[in-house]
Amino acid sequence: MEFDRAGVNTLMEITARPDLIFTKGQGSWLEDHTGKRYLDFLQGWAVNCLGHCPEPLVKALQQQAAELINPSPAFYNQPSIDLAKRITGASCFDRVFFANSGGEANEGAIKLARKWGRVNKNGAYKIITFNHGFHGRTLATMSASGKPGWDTMFAPQVDGFPKAELNDLDSVRSLIDDQTVAVMLEPVQGEAGVIPANAQFMKELRELTRRHDMLFIVDEVQTGMGRTGKLFAYQHFDIEPDIMTLAKGIGGGVPLAALCAREAVSCFEHGDQGGTYNGNPLMAAAGIAVFDTVSAPGFLEAANARAEQLSNGLMALSEKWGMQGERGLGLLRALRLGKGDGPAIVAAARDRAPEGLLLNAPRPELLRFMPALNIAADEIDLMLSWLDELVGLIRK
């Protein structure tokens, strides 16, 4: 198969992409237009939680597509009801609104918090977020994010998102005023380099928000659906948030997201929130297949065993090459390289022959690992072996 340069040029240019076109995927492996195979430790940025083309997801999509795809969100459909019941039954939340992307779910969380502030807190609207956080690419979620440079990219920003420092309660406390309605954070800051919130901070932050009659919002777009070793990352901290957002892994590769809230917070009135494709039965059926697989007995135990294997292997590499260790929760991990050769390692891994390796460097001095939750032990060993080889080539 030839690389379709003319076809590629019809796509809007938004990022630098290598001259390869992926054509097939199975489990932890992708195949490009030349037939070359790649071991995938990106999985669509933690989207494909069951790997590429997993049988339960494929079967659910095929069956649902033959029955009903999209009756309109003006009507109920059974798959969306069934998926919402699963999420509320496994969490501290009572209500679910389905969306199509993490940005859309987070936008909905911002709207819901501001509506709650208008109804219950004299119009309070400010939401404290965190430096280096990432919440999406809409104007509001970019403003909520603390990614360097985003405050000027599409100026002016949406007002009302003062920034605190993760794991620093005093930095949060100093920003609270009578217009503060909520605190919003990722339990693990992914784009920042896989930086987890610590348990004491999360517990004290939950108490702080309660004392000030503020909502606590967890953005679990990347950490939800088993990625951190529990179904939802907030469950590591023995707390109950008021609002949670999900995306990425909840659909296993299809566009599905969710805004979850406690009953007392669910104050949207008719017309406040909506969306043409939200909760359509095709995507909801996919979500059910993913949810039932991830929550099946033994699944997360196996994923945690692979997480320990990956963590130990990365630490061994760090010690061998004089790096700065590794960090993360579950199968969302980062290797701290100690120098800015992350992009060079990523490129060398992709170009490796006869088989390639797909890695991610969210910062020049970091590599991020987001494999399928059901990755095999020998695939982790293979990645570690190749990575050792690649670091040796780059640093020789």
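The written sequence of each chain sets the order in which its residues are numbered from 1. In view of the model being predicted, local features appear only for residues whose pLDDT reaches at least 70, and side-chain atom pairs are presented and counted only at 80 or more, with totals across whole chains, interfaces and linings using the full set of residues. Excluded from the side-chain calculations are hydrogens and water; all other atoms, namely the structure's heavy atoms, are used.

Taking an unreviewed UniProt entry as the reference, the protein is identified by name as Acetylornithine aminotransferase belonging to Neopusillimonas maritima. UniProt positions are given in the numbering used here, feature names are shortened, and annotations may be inferred rather than shown by experiment. Here is the UniProt Subunit (unreviewed entry) comment for the protein, exactly as written: "Homodimer." Quoted verbatim from the Subcellular location (unreviewed entry) heading of the UniProt record, the comment on the protein is "Cytoplasm".

(A) Examining unusual backbone geometry more closely. The step from Ala155 to Pro156 runs through a cis peptide bond, and the omega angle for that step is 0 degrees. The omega angle of the peptide bond from Ala353 to Pro354 is 5 degrees, so this bond is cis rather than trans. Mapped onto the elements, Pro354 comes out in the loop between helix H12 (342-351) and strand S15 (356-358). Phi at Asp213 takes a positive value of approximately 55 degrees, unusual for a residue other than glycine. Runs of E in the DSSP output that reach at least two residues are strands. Runs of H or I that reach at least four are helices, and both are numbered from the N terminus. Secondary-structure assignment places Asp213 in the loop between helix H9 (199-211) and strand S10 (215-220). Relative accessibility thresholds used throughout: buried, under 20% of the residue-type maximum; exposed, over 50%; partly exposed, between the two (1.4 Å probe, protein chains only). With a relative accessible area of 41%, Asp213 lands in the partly exposed category. The phi torsion at Met225 lies on the positive side, around 60 degrees, for a residue other than glycine. Tracing the chain through its elements places Met225 in the loop between S10 and strand S11 (243-246).

(B) Layout of the sheet that holds strand S12 (residues 257-261). Spatially, seven strands are ordered S4-S12-S11-S10-S7-S5-S6 in an open sheet, and the strand pairing comes out mixed. Edge strands, defined here as strands with exactly one partner in the open sheet, are strand S4 (95-99) and strand S6 (163-164). A pair of strands is labelled paired if DSSP reports no fewer than 2 bridges between them. By the bridge criterion, four bridges tie S10 to S11 in an arrangement that is parallel. Within S11, the position partnered with Ile217 by the bridge is Ile243.

(C) Local environment of the UniProt feature "modified residue: N6-(pyridoxal phosphate)lysine" (unreviewed entry) in the protein. The residues that UniProt annotates with the feature "modified residue: N6-(pyridoxal phosphate)lysine" (unreviewed entry) are Lys248. Tracing the backbone through its elements, the reader meets Lys248 in the loop between S11 and S12. If near-sequence neighbours (up to four positions away) are discounted, Lys248 is found in contact with Trp45, Ala46, Val47, Val221, Gln222 and Leu256. For this analysis, residues touch if any pair of their heavy atoms sits within 4.5 Å.

(D) Looking closely at the pattern of salt bridges. A pair is scored as a salt bridge if a Lys or Arg side-chain nitrogen falls within 4 Å of a carboxyl oxygen belonging to Asp or Glu. Within the structure shown, the criterion is met by 18 salt bridges. Ionic pairing is found between Arg86 and Asp292, a salt bridge with its closest N-O pair at 2.8 Å. Taken together, the residues Arg86 in helix H4 (residues 78-89) and Asp292 in helix H10 (residues 281-294) connect sequence positions 206 residues apart. Note that Glu191 and Arg368 form a salt bridge whose closest N and O atoms lie 3.0 Å from each other.

(E) Expanded view of helix H13 (residues 377-394). By definition here, a helix of n residues has an expected span of 1.5 Å times n minus one. Taking 1.5 Å per residue, 18 residues should reach 26 Å; H13 reaches 26 Å between its end C-alpha atoms and fits that length. Considered for burial, the residues of H13 that qualify are Glu379, Ile380, Met383, Leu384, Trp386, Leu387, Leu390, Val391 and Gly392.

(F) Region of interest: the layout of surface pockets. Considered as a void within the structure, the second largest pocket measures approximately 1,100 Å³ in volume. Buriedness of a pocket was judged along seven lines, with at least five required to meet protein on both sides within 12 Å; pockets are open sets of points on a 1 Å grid over the protein atoms alone, cavities are sets where a 1.4 Å probe fits but cannot get out, and lining residues have an atom within 4 Å of a point. Lining the second largest pocket are 27 residues; nearest its centre among them are Tyr76, Arg95, Val96, Phe97 and Phe98. Contributing elements (two or more residues each) for the lining of the second largest pocket: H4, S4 and S12. A total of four residues in the lining of the second largest pocket trace back to one element, the largest contributor, which is S4. Looking at the lining of the second largest pocket residue by residue, the class counts come to 14 nonpolar, 10 polar and three charged. Grid points are joined across faces, edges and corners, and a volume is the space filled by probe spheres set on the points. Here the nonpolar group is Ala, Val, Leu, Ile, Met, Phe, Trp, Tyr, Cys and Pro; Asp, Glu, Lys and Arg are the charged ones; every other residue, Gly included, is treated as polar.

(G) Spotlight on the packing of aromatic side chains. The criterion for an aromatic pair is that two Phe, Tyr or Trp rings (for Trp, the six-membered ring) have centres within 6.5 Å, with stacked assigned to planes under 30 degrees apart, edge-to-face to planes over 60 apart and tilted to the rest. Per the stated rule, a full pass over the model turns up seven aromatic pairs. The interplanar angle of 90 degrees and the centroid separation of 5.2 Å between the aromatic rings of Phe22 and Tyr38 together place this pair among those described as edge-to-face. Of the two residues, Phe22 sits in strand S1 (residues 22-26) while Tyr38 sits in strand S3 (residues 37-40), which places them 16 residues apart along the sequence. Pairing Phe41 with Phe369 gives two aromatic rings, centres 6.5 Å apart and planes at 85 degrees, and the pair type is edge-to-face. Of this pair, Phe41 sits in the loop between S3 and helix H2 (43-46) while Phe369 sits in strand S16 (residues 366-369); the two residues are 328 residues apart in sequence, bridging distant segments of the chain. Exposure remark for Phe41: the relative accessible area of 0% places this residue in the buried category. Among the aromatic residues, those joined into a ring-pair cluster are Phe93, Phe232 and Tyr234. For Arg37, the ring lying beneath its charged end belongs to Trp29, and the centroid distance is 4.1 Å. The aromatic ring of Trp386 is capped on one face by Arg352, whose charged end is 3.9 Å from the ring centroid. Criterion for a charge above a ring: Arg CZ or Lys NZ at most 6 Å from the ring centre, at most 35 degrees from the ring normal.

(H) Molecular detail of empty space enclosed by the protein. All chains considered together, the criterion is met by one cavity of 30 Å³ or more. Approximately 60 Å³ is the volume attributed to the largest cavity. If you trace the largest cavity, you find it lined by Leu139, Met142, Ser143, Trp150, Phe154, Pro156, Gln157 and Val158.

(I) View of the pairing of S12. Most of S12 is tucked away, with five of its five residues classed as buried. Here S12 shows no split at all, with Ala257, Leu259 and Ala261 on one side and Ala258 and Cys260 on the other all buried. As judged from the five bridges shared by S4 and S12, these two strands associate in the antiparallel manner. The residue of S12 that forms the bridge with Arg95 is Ala261. Relative to S12, S11 runs antiparallel, the two being bridged by four bridges. Each residue of the ladder has a partner; that of Leu246, found in S12, is Ala258.

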